[in-house]
Amino acid sequence: MSENPAPDRHTAVNSDAAPHTAAPRQDVYTHGYQESVLRAHAARTAADSAAYLIPHLTHGLSVLDVGSGPGTITADFARLVAPGKVLGIDRAP
């Protein structure tokens, strides 16, 4: 398991600098959606939205999550592959 705490389910973690040199900056994920849609996105987990991947996620693996949105599924991926690396990217800032 990862020693890094997961981000709040309504918040995405971003950093403009190398991870070892700067603390993550917390940004609110809105992407132009209504509050009800944001709540649904923020509640998603790897188990309920990407269960088909879980058997393939092993410790030490590197994962690229394209279209990661608020990062809740990405955070679950990080716990599943720790100490591996996970990078989540999304079109929206």
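About the criteria used
- Residues numbered from 1 in each chain as written.
- Predicted model: local features only at pLDDT ≥ 70, side-chain atom pairs only at ≥ 80, totals over all residues.
- Heavy atoms only, no water.
- Helix = DSSP H or I, 4+ residues; strand = E, 2+ residues; numbered from the N terminus.
- Buried < 20%, exposed > 50% of the residue type's maximum accessible area, 1.4 Å probe, protein only.
- Contact = heavy atoms within 4.5 Å.
- Areas by Shrake-Rupley, 256 points an atom, 1.4 Å probe, with all protein chains shown as cover.
- Salt bridge = Lys/Arg side-chain N within 4 Å of Asp/Glu carboxyl O.
- Core = buried A, V, L, I, M, F, W, Y, C linked by side-chain atoms within 4.5 Å.
- Patch = residues over 30% accessible without salt bridge, like charges linked within 9 Å, V, L, I, M, F, W, Y side chains within 5 Å.
- Lys, Arg positive; Asp, Glu negative; His and termini not counted.
- Pairing = 2+ DSSP bridges.

Caption draft 1: Spatial organisation of the overall build of the chain. In terms of helices and strands, the chain carries three helices and four strands. Along the chain, helices (α) and strands (β) appear in the sequence β-β-α-α-β-α-β when read from the amino end. Within the chain, the proportion of its 93 residues that are buried is 27%. Relative to all contacts within the chain whose residues are 6 or more apart in sequence, the contacts with residues 24 or more apart total 46%. A total of about 6,300 Å² of accessible surface is found on the chain, and carbon and sulfur atoms cover 57% of it.

Caption draft 2: Quick look at the pattern of salt bridges. If you walk through the whole model with that rule in mind, you get one salt bridge. Linking R79 and D76 is a salt bridge whose minimum nitrogen-to-oxygen distance equals 2.3 Å. Separated by three residues within a single helix, R79 and D76 lie in helix α3 (residues 72-81), roughly one turn from each other. Judged by relative accessible area, D76 falls into the buried class, the value being 11%.

Caption draft 3: Expanded view of the nonpolar core. Core analysis: the largest hydrophobic core is formed by seven residues, namely A46, A50, L57, V63, I73, F77 and V81. Sequence-distant contacts of V63, that is, excluding residues within four places in its chain, are made with L57, F77, V81, K85, V86 and L87.

Caption draft 4: Molecular detail of a nonpolar patch on the surface. Judged by side-chain polarity, L64, V66, L87 and I89 come together as a nonpolar surface patch covering roughly 380 Å² of accessible area. Secondary-structure elements contributing two or more residues to the nonpolar patch are β3 (63-66) and β4 (86-89). Tracing the backbone through its elements, the reader meets V66 in strand β3. For V66, a relative accessible area of 60% corresponds to the exposed category.

Caption draft 5: Expanded view of the side chain of D65. The residue D65 is located in strand β3 in this model. Here D65 occupies a buried position and makes no salt bridge, while the nearest side chain of opposite charge, R44, is found at 8.2 Å. When neighbours within four sequence positions are excluded, D65 is seen to be in contact with T74, F77, L87, G88 and I89.

Caption draft 6: Focus on the pairing of β3. With burial as the criterion, only one face of β3 is covered, namely that bearing V63 and D65; the residues L64 and V66 on the opposite face remain uncovered. Where β3 lies against β4, four bridges are found, and the strand directions are parallel. By the bridge assignment for β4, V63 is matched with V86.

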